[in-house]
Amino acid sequence: MKQRLVVIGAGMASGRMLEHLFEADPGAFEVTLFGAEPRGNYNRIMLSPVLSGEKTYDEIVTHDADWYRDNNVNCRFGETVTAIDRKRKVVISKDGETAYDKLLIATGSAPFIIPVAGKELPGVMAFRDLDDVNNMVAAAGKPGAKAVVIGGGLLGLEAAAALRLRGMEVVVLHLMGHLMERQLDPAAGYLLQRELESRGIKVHCKAQTKAILGNDRVEAVALDDGTVYPADIVVMAVGIRPETRIATDSGLHVERGIIVSDQMVTSDPDVLAIGECVEHENVVYGLVAPLYDMAKVAARTLLKQDAAFRPVQTATQLKVTGVSVYSAGDFADAEDREEIVLRDASAGVYKRLVLKDDRLIGAVLYGETGDGSWFFDLMKRGAEISEMRDTLIFGQAYQGGAQLDPMAAVAALPDDAEICGCNGVCKSTITGAIVGKGLTSLDDVRAHTKASASCGSCTGLVEKLLASTLGDAYNPAAIQPICPCTDLGHDEVRRLIVAKGLKSIPAVMQELEWKTSCGCAKCRPALNYYLLSTWPGEYEDDNQSRFINERVHANIQKDGTYSVVPRMWGGITNPRELRAIADVADKFAIPTIKVTGGQRIDLLGVKKEDLPAVWADLNAAGMVSGAAYAKGLRTVKTCVGSDWCRFGTQDSTGLGVRIEKFMWGSWTPAKVKMAVSGCPRNCAEATCKDVGVICVDSGYEIHFAGAAGLDIKGTEVLCHAKTEDEALEIIVALTQLYREQGRYLERIYKWAKRVGSDSIKANIVEDLEKRRYYFERFVYSQKFAQVDPWEERVNGKDAHEFAAMAEFGFPQAAE
Amino acid sequence: MSNWIAIGSINDIPRRGARCVKSPIGTIAVFRTAEDEIYAIEDRCPHKGGPLSQGIVHGAQVTCPLHNWVFSLETGEAQGADEGRVRTVALRLDGETILMDADLVMAIAAE
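Okay, so let's go over this structure. (Residues numbered from 1 in each chain as written. Chains lettered and ligands numbered in written order. Predicted model: local features only at pLDDT ≥ 70, side-chain atom pairs only at ≥ 80, totals over all residues. Heavy atoms only, no water.)

Some remarks on the interface of chain B and chain A
Argument step 1. Facing 35 residues of chain B, the contacting portion of chain A comprises 30 residues.
Argument step 2. Across the contact surface, chain B and chain A share two salt bridges.
Argument step 3. In this structure, D542 of chain A and R16 of chain B form a salt bridge, with 2.8 Å as the shortest nitrogen-oxygen distance.
Argument step 4. At the surface where chain B touches chain A, the tally comes to 14 residue pairs in polar contact (both at pLDDT 80 or more).
Argument step 5. Elements with a minimum of two residues in the side of chain B that touches chain A: β1 (4–9), β2 (17–23), β5 (56–58), β10 (97–101) and α1 (102–110) of chain B.
Argument step 6. With six residues, β2 of chain B is the single largest residue contributor to the side of chain B that touches chain A. (Contact = heavy atoms within 4.5 Å. Salt bridge = Lys/Arg side-chain N within 4 Å of Asp/Glu carboxyl O. Polar contact = N/O pair within 3.5 Å; in protein donor to acceptor, adjacent residues only side chain to side chain. Helix = DSSP H or I, 4+ residues; strand = E, 2+ residues; numbered from the N terminus.)

Comments concerning the sheet that holds strand β14 (residues 220–223) of chain A
Residues and elements named next belong to chain A.
Argument step 1. Strands sit in the order β13-β14-β15 across an open sheet of three strands; the sheet is antiparallel. The open sheet has two edge strands, β13 (209–213) and β15 (228–230), and neither has a second partner. Across the sheet, the mean angle separating the axes of adjacent strands is 15° when strand polarity is ignored. (Pairing = 2+ DSSP bridges. Axes fitted to C-alpha atoms, helices over the stretch in contact; angles between N-to-C directions.)

As for the nonpolar core
What tends to happen in soluble globular proteins is that the nonpolar side chains get buried as a cluster.
Argument step 1. Core analysis: the biggest nonpolar cluster contains 68 residues, and W514, V564 and L618 of chain A together with F31 and L52 of chain B have the highest contact counts within it.
Argument step 2. Three or more residues apiece are contributed to this core by two domains, here domain 3 (490–546) and domain 4 (549–623) of chain A.
Argument step 3. What W514 of chain A contacts, discounting residues up to four positions off in sequence, is I482, C485, T486, V493, V508, M509, G519, C523 and L527 of chain A.
Argument step 4. If you look at the next biggest cluster of nonpolar residues, it comprises 51 residues, including A106, M264, Y285 and L291 of chain A. (Core = buried A, V, L, I, M, F, W, Y, C linked by side-chain atoms within 4.5 Å. Buried < 20%, exposed > 50% of the residue type's maximum accessible area, 1.4 Å probe, protein only. Domains from an automatic or database assignment.)

Remarks on the packing of aromatic side chains
What characterises a pair of aromatic rings is the spacing of the ring centres plus the angle enclosed by the ring planes.
Residue and element names in this part refer to chain A.
Argument step 1. Counting across every chain of the model gives 16 aromatic pairs over all chains.
Argument step 2. Aromatic pair Y42 and Y57: ring centres 5.5 Å apart, planes at 75°, arrangement edge-to-face. Note that Y42 is positioned in the loop between β2 (29–35) and α2 (47–52) and Y57 in helix α3 (residues 57–60), a separation of 15 residues in sequence.
Argument step 3. Look at Y42 and you get buried, because its relative accessible area is 3%.
Argument step 4. Residue placement shows R546 over the ring face of W667; its charged tip is 3.8 Å from the ring centre.
Argument step 5. The cationic tip of R681 hangs over the ring face of F647; the distance from NZ or CZ to the ring centre is 3.7 Å. (Phe/Tyr/Trp six-rings, centres within 6.5 Å; stacked < 30°, edge-to-face > 60°. Lys NZ or Arg CZ within 6 Å of the ring centre and 35° of its normal.)

What about helix α19 (residues 575–587) of chain A?
All names here are of chain A.
Argument step 1. Here α19 is 13 residues long and its end C-alpha atoms lie 18 Å apart, about the 18 Å a rise of 1.5 Å per residue gives.
Argument step 2. Buried residues in α19 make contact with β31 (592–595), β32 (601–606) and α20 (611–620).
Argument step 3. Residue N574 occupies the N-cap position of α19, its side-chain oxygen lying 3.2 Å from the main-chain nitrogen of R576.
Argument step 4. Immediately downstream of α19, the backbone of A589 shows phi near 50°, a positive value. (Expected span 1.5 Å × (residues − 1).)

This is the structure we're talking about:
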């Protein structure tokens, strides 16, 4: 018969133990898992990003329902074990008794609540589990809500930063003289305090909490020095204590924690304990790495294999709300010690090394922690550093002269150098797995070794190991984010807009976890374009996410006036239009009239409030907006072609006009300028345009991807078309492909370079069905696009854009 | 003492947008954020005089339409690497009516 294993506590330590157990021998035990929380195991280290809203709970779940089912774990979540009867070998919970052959206690720790008056008031909470997070998120929803965080250690600061990101007013109260005094020396603590204060968090050190005030719920926190901070919530993050009550009650040997042997066995041979609730050789552990080691040992002990817990010296590499902090060893001041300090205040960097007898015994790094593992390695090995003492503080790259290459620094790390502190993974384990299992990506390494899978602060190192081990075979997806509001690149955002059916800017920002509430001037116009081009007819254009020129359909000039460019189809005009332009210029005293490079006329210096009236007069003469301001089709420049020119081979003017009438009004990733020349003499300069046509006797040569701006580049030939209809279809399909693939503000030549001309030709030239498909999609989107924006505004649309809201002058003398 | 004068309704300004108020110190840009906060600043970028009212509004910031300087609407300070500030003018909301501190404007005009 299978042995029955009962596990009390469904946290990170027991979760890891079960993984090892099932991996080694899936059939050895019938497992019942009790957890006080009504949910399975999740990565508790990542609760801070959930609190700040950067991650969702789902993303930090480490064992989901499928995993428990696949491993036949009998889950009793939300059910607290109230007693253990060791004589009868049963545990007692609300639903009765559960018998065990082996019992594992992994109850973790409980937040320490300081014993002050008012600590029971509603609104006082810990920061320990998802319920706490949900409570805090709910409280942060109230505008102007205030939080007081008691405790300036890692946990308290993570909570404070996250609540600040949620928009709360936050005060941190810390009993000691500087923040994180266990990990940082006073100087680094000061830098951290300054950083947090720059984000609007108030820090009050040497704060002795006297009482929490309030009637029905918390209202304020009072300090011994008389300060009172108003508070809607109070977060207690002063520390944790091992949760040992159930072990004590059952008569197990408990001191500060449950006493365990090297094998993780308690004073009862059938009861094991691991995690933050245990005490091993007078030490209680809180960091995740030793807990995972305990999990490994406990699994082996249960399977009757030899194993012993050997605590290793651990370094603390922490990311406090985006600030990198690293500390290791002993960094207190003392008589027999020397120190080397590097400060770069403007860059926010502070490094301090503590030396004793020419050996490194402690390090504190703030702001720049890349050399942490190298210092830690020197410390563990007890290496003599007198030779490199002068340059030691500059890190590994400065030793031995040559290595300025970070890759070389990683490659030079010894095999047993610890890369992932959370999971205790050393370099050789990672490189061994990369080679042995043929891993090629960060996700592979995470899956196989757990390195970088917990807090993620070693991700850079793991990527460098992948690169140095695989050489050119490693091809990380170097994705440039759209802007600092997101980590996603243009292509990913576009794909996700389609995949998730996102149809508004708020929906994109919510679903794709934008880091800002409202985006910025970079991402909003891009999102507006992507949504508009993806959902023609469905998406409602967001005017406020457009650059001013597109918002008011004119070009802003350096003095805040605008320029107005009516369309002249193919560059052809007539006396009526020219008269209307002249009349408008007179009527509105327009100072400058200029012929543009795109064969039309620019009226410069129009006052904003005059724009609708100017447009009304131009509309009356049959002219519409030339979209000279748009990320869209601008002009189709032409020569006179076979109509007049003795060399003209085709009706280039006619084709230009036809293209422009077909395509006007369409929005594109960046501006699109076209031209049609009637013969290879190319008077319309078609070979430096985004799309150009050179007419020849046998038909039409279609060119694309030229540039004549910041870059100068001749076009490439796309293909040859026999008829005007075919030429139009190719040009339209090409533009549609660009509309769907181009990144916002990426001109056609850059898009073509990125995706490759071959892939464009494959879609537009070689595959006639695809060409037709893209053509049809363009035609469909034009149904909603070909509305003259000027006419709309003459008829009153967006009237608020063109008029001042109010006007007032100097006060008049009293009557 | 402040002399609060009504300049219009909050509904006259689109969310994440701005309107202009003409005053003795030149044009004042009045902003309404996505969260319905209102702010007023000089409508003139200290860099090259761009009309900030025409910029894209994001959070409580605006990006100048001419050269993309970003200003805090709360403090008037240029953000990021750029240095400079625009003057802010106090506003108050009475129901839906926006009130501007005209005395402050006059004081600036008198400088």
